[in-house]
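Architecture at a glance
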Amino acid sequence: MSSATELDGMFQAGIAAYQQGDYAQAVVLLSKLSRCERSAYRMQANMGLVRAYMAQQKWQEAEALCQTIGTSAKPALKQWSQTTLEKIEQRRARPKRLKSGFSPLAAPRNSSAQAAKPSSGFSPLDPAPSDHSDQAQSSLQPVAHQSDVVSRMPNSSGAFVTVAKSTVAKSKTSRRRVLSSPEEVADSPDSATEKGPDEGTGLSMFHYAYLNGETDAAALRGGETDEKTASKAAAGYLWTYAGRLQKGRSLGKMKRGKLWFAQGSSAIAFYLLLRSLIHSSLSLLNGYLHFLDNLFPFWVRSLPSSFSDVTWPLLFGLGLLTLAAPWLWDAWLLLTADRKPLSASQLRAHSAEAAALIHGYCRQRRFSFPTLWTLKTDIPLIFSYGWRPKNARLVISQGLLSQLKEDEIAAVVAYELSHWKGWHWPLLSAQGLILQVLLEGYWQLSVWGNRQPSKLLKYTAGGLAMVSYAVFWLLGIPSRWLSRLRTYYSDRMAAELTGNPNGLTRGLTNLAFGLAVSVEQRTYTPPIVESLMPLLPAVPDLARQPLFGHLPLSQLFAWDSGQPLRLWLSCAETHPPLGDRLRVLMAYAKHWRLDLEIPLLPASRQKQKMTQQDRQVLLQQGTPFFGLAFGLLIGLGLWGTGLVAIWLQWPALDWMYQDMGLLQCCCLLGTSVGILLRINRFFPDLDIAMPASQSVSDWVSRPDILPADSLPAKLPGVLVGRPGIANWLGQDLLLKTSFGLVKLHYFSLLGPLGNVLSREQTPALVQGKSMQVLGWFRRGSRPWLDVDRLRLDNGTLLQAAHPFYSLLLAAVTSFWGLWALVQSSGYVE
């Protein structure tokens, strides 16, 4: 058992057994995991075994294993071991003072941070559900103001006891303390304040970032005292759980003209692109059949010319697909993701506010209650599909229910409810289903091809997989602007429905961080995440997730909220910069006079507009695209000159009117000149002997850095990504470093296609190996590194050719443009 998925499944089963009081089974599962080869899982299992032994009162085994953990070189583990040993001695020296039956627990003393989060070491992975059946509230009533809620929890012997939970309702937002650890139930009221470094802070040693061994941030936070954690929260490093309104409130009317335009243009662009791809494919197939028809006239026939006209059949098919999308999605998720029904009572166990919100929203608008599905995956996912509220489907994964808190779940559910009355919802539902099929075809072909011993079968599967991925990527372009634009409207409506912009801020951020952790765990981007990106509320945030807790939140999102070019640089993404969305949400909170979860930047920085220098930088950054636009303007100008020449009867110039070759030449030459103008600036000289870069974390948080800065970087780490055929194009290359995952762009002389043709030089063959990567760091909406060289520990050197690929691309576009001009002028027949 070596895959991360199987190891994670065993670990989750061990935790589940522990939380259910089956400590013997937990010991069996965690003992197997403690002998695995991966150090991260081995350390998790050892820490879990200490907990299980303590619950069974096997003090000697717990003490011996705890001492072994204390030999680790990590300071946080040593601190955890020392504190846990002290706790073992204290509990061994005193008798149990709590017996079975009802026993109230004392509320925590003096710490608002303790009241804000669960104290169990296992809580980030699978928080114990509490019974909210007695909570009666309206759809817009926050759940946090209930008190005296009774739940059942396992004691140290495995039996369930009834525990009363008290809530603190003195501030704007009542913060509940959920007790889910068996040790806390078994201890006396006085022992509630005797907590180790992983209890009471909400950032336990079992925090997901620490468990994966990727960041020292969570590990160090796990070893902090409650006072240090509270001071960090007060300083803005961690969540402060700021207040909310008691019920939703309108923010006024919002103009939707831009959204309507985006919906129409996205639908038209998607149709035209799909039609062009189908027509090109049929023309290529017909040409091949015509060739075979000449060779075998009695056996092969080419397609009739009328068969290539797909206009009306495609329109009819897309309309039928849109109407059938809810049921087709249901079948697809059952086939590929093992979706299961999610009842309202099950949702209420995780978030009573979310269940009440859906009921109230549908009742007020006379909608039918939607169909709820759940996906049994630890990846935090939430999305919806349909074409009207009557057939709406809401999908929530188990990972999201276990990783987000109650009000955060309600906030992201409100985000999904906001889609149901917009025309963008059926458009993205239909487009998303097509993208799902294409990416799943690419992934299944890649997995199958990786298992084939025959090179012929492997390359056949690889070729089909690459075509499927290329079509997926192309068809995803028309929906990006619509997906990006609708987030602002949905964020606003979600804040209005819940009255909790601070909860939505935490929910979106924790969702983005949770998706990043899923990528870290699997060492590649899960296909389901990439295919669902246009439908998800947030996308993986690989750059900032490791920095959470090390930097103030306002600084963590400084680039997204303060960089004037942030929206221009995210125009190719499915979502706007997360920090820009959070800035708007904080403006809503400030409008309602709420405390801010993330301090806003100064007003002068928030309203900062593009200066002349910013425009120059943007021009330098996008010279190929501006060159294309400038060439198009010149071509249209020449067309106009030709039209005037026809009117004035100037035969020397009238040929320029409606000359498509001239227009193509201008556009291609403009693009070529733009590429040439930025090559030297984009790719400065690098030295392999330069020291390793130590400033990547600082580069991520600085708002003044742009991709055009081309920062020279040398990063040590392990190359990871999708395996084998799935990464032939280099679409998912990641470098696993001490400060997290860094996205890599690797181009050969022929670009992504060259990675396939020169298999001996592709980085896909050295995945999983330690190396040093030399390249140019670029801070955009999602930071990445353009690779120049890869040097393995054994001295092997892989040379990329990003500058030469750009130069070749400029040469090809120039030659193509001149050839189009020559052909249109009649010099070549």
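Residues numbered from 1 in each chain as written. Predicted model: local features only at pLDDT ≥ 70, side-chain atom pairs only at ≥ 80, totals over all residues. Heavy atoms only, no water.

Let us look at the pairing of strand β13 (residues 784-792). Counting buried residues along β13, eight of its nine residues qualify, which places the element largely inside the surrounding structure. Alignment of strand β12 (residues 770-778) against β13, held across eight bridges, turns out to be antiparallel. In the strand pairing of β13, Gln772 is matched with Arg791. The hairpin formed by β12 and β13 contains five residues between the paired strands. Inspection of the sheet shows β13 paired to strand β14 (residues 797-799) by three bridges, in the antiparallel sense. (Buried < 20%, exposed > 50% of the residue type's maximum accessible area, 1.4 Å probe, protein only. Helix = DSSP H or I, 4+ residues; strand = E, 2+ residues; numbered from the N terminus. Pairing = 2+ DSSP bridges.)

For the rest of this paragraph, the subject is the environment of Leu29. Locating Leu29 in the fold gives a position in helix α2 (residues 23-33). Sequence separation between Leu29 and Gln12 is 17 residues, and the spatial gap between their C-alpha atoms is 9.6 Å. Excluding its chain neighbours within four sequence positions, the residues that come into contact with Leu29 are Met10, Ala13 and Gly14. (Contact = heavy atoms within 4.5 Å.)

Where nonpolar side chains cluster on the molecular surface, the patch consists of Leu285, Tyr288, Phe291, Leu295, Phe296, Phe298 and Trp299 and spans about 920 Å² of accessible area. Here Phe296 lies in the loop between α11 (257-295) and α12 (311-336). A residue is classified by how much of its surface remains accessible, and Phe296, at 43% relative accessible area, is partly exposed. (Patch = residues over 30% accessible without salt bridge, like charges linked within 9 Å, V, L, I, M, F, W, Y side chains within 5 Å. Areas by Shrake-Rupley, 256 points an atom, 1.4 Å probe, with all protein chains shown as cover. Salt bridge = Lys/Arg side-chain N within 4 Å of Asp/Glu carboxyl O.)

Another aspect to go through is the pattern of salt bridges. Enumeration according to the criterion identifies 20 salt bridges in this entry. Here Asp330 ties to Arg393 by a salt bridge, and the two come within 2.9 Å at their closest N and O atoms. Separated by 63 residues along the polypeptide, Asp330 in helix α12 and Arg393 in strand β8 (residues 393-397) bring together distant segments of the chain. Asp330 sits in the buried class, given a relative accessible area of 7%. Here Asp580 and Arg566 are joined by a salt bridge, their closest N and O atoms 2.7 Å apart. You can see Asp580 sitting in helix α25 (residues 578-591) and its partner Arg566 sitting in helix α24 (residues 566-569), a full 14 residues away along the chain. Both residues of the pair, Asp580 and Arg566, belong to the buried class. Taken together, the shared-partner salt bridges connect Asp407, Glu408, Arg506 and Glu597 into one network.

Let's shift gears to the packing of aromatic side chains. Taken as a whole, this structure holds 18 aromatic pairs when the rule is applied. Judged by centre distance (5.8 Å) and plane angle (25°), the rings of Trp420 and Trp425 are stacked. By the burial criterion, Trp420 is buried, and Trp425 matches it. Seen in terms of ring centroids, Phe683 and Trp776 are 5.1 Å apart; in terms of plane orientation they differ by 75°. Their pairing is edge-to-face. With Phe683 in the loop between α29 (660-682) and α30 (696-701) and Trp776 in strand β12, this residue pair connects regions lying 93 residues apart in the sequence. Owing to a relative accessible area of 10%, Phe683 belongs among the buried residues under this scheme. (Phe/Tyr/Trp six-rings, centres within 6.5 Å; stacked < 30°, edge-to-face > 60°.)

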